Amino acid sequence: MIPLVYADKEEEQIIKKIGGSDEVKRHLENLGFTVGGSVSVINSLGGNVIVKVKESRIAINEELARRIMV
């Protein structure tokens, strides 16, 4: 398992674990990040990571991307 922030770009990954407080987990779940779901990193720039999750593109900061394990 590695944090999403270190995942290869354009390669589909399966979310294995989401860390952090209950509030952080709930926030990420509301954005579409669920254990067992697929996610792929599109780009990372300026401390932000742009990902594709559930047919949507979402920008999250690096701190949140480190809590998503793939």
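Fair warning: this is a prediction, and the values are worked out from it, not measured in the lab.

**Things to note about the sheet that holds strand β4 (residues 48–53)**
Overall, antiparallel pairing links the 4 strands, which are arranged β1-β3-β4-β5 in an open sheet. Only two strands of the sheet have a single neighbouring strand rather than two, namely β1 (13–14) and β5 (56–61). Relative to β4, strand β3 (residues 38–45) runs antiparallel, the two sharing 6 bridges. Each residue of the ladder has a partner; that of N43, found in β4, is I50.

**A word on the nonpolar core**
If you look at the biggest cluster of nonpolar residues, it comprises 18 residues, and the most contacted ones within it are L4, F33, V39, V51, I60 and I68. Among the secondary structure elements, those contributing two or more residues to this core are α1 (22–31), β3, β4, β5 and α2 (62–67). When residues in this core are grouped by element, the largest group, 3 residues, is from β4. The residues contacting F33, other than those within four sequence positions of it, are L4, I15, I18, L28, V39, V51, V53, I60 and I68.

Conventions we followed
- Starting afresh in each chain, residues are numbered from 1 along the sequence in its written order.
- In keeping with the model being predicted, local features are shown solely for residues with a pLDDT of at least 70 and side-chain atom pairs are shown and tallied solely at 80 or more, while totals for entire chains, interfaces and linings include all residues.
- To obtain the side-chain values, all non-hydrogen atoms of the structure were used and water was disregarded.
- Should DSSP find at least two bridges between two strands, the strands are regarded as paired.
- The numbering of helices and of strands both runs from the N terminus, where a helix is a DSSP run of H or I of at least 4 residues and a strand a run of E of at least 2.
- Each nonpolar core is a collection of buried residues, namely Ala, Val, Leu, Ile, Met, Phe, Trp, Tyr and Cys, held together in the definition by side-chain atoms within 4.5 Å.
- Partly exposed residues are those whose accessible area sits between 20% and 50% of the maximum for their type, while under 20% is buried and over 50% is exposed, using a 1.4 Å probe and protein chains only.
- By the convention used here, residues are in contact when the closest approach between their heavy atoms is within 4.5 Å.

Coordinates in, geometry out; function isn't part of it.
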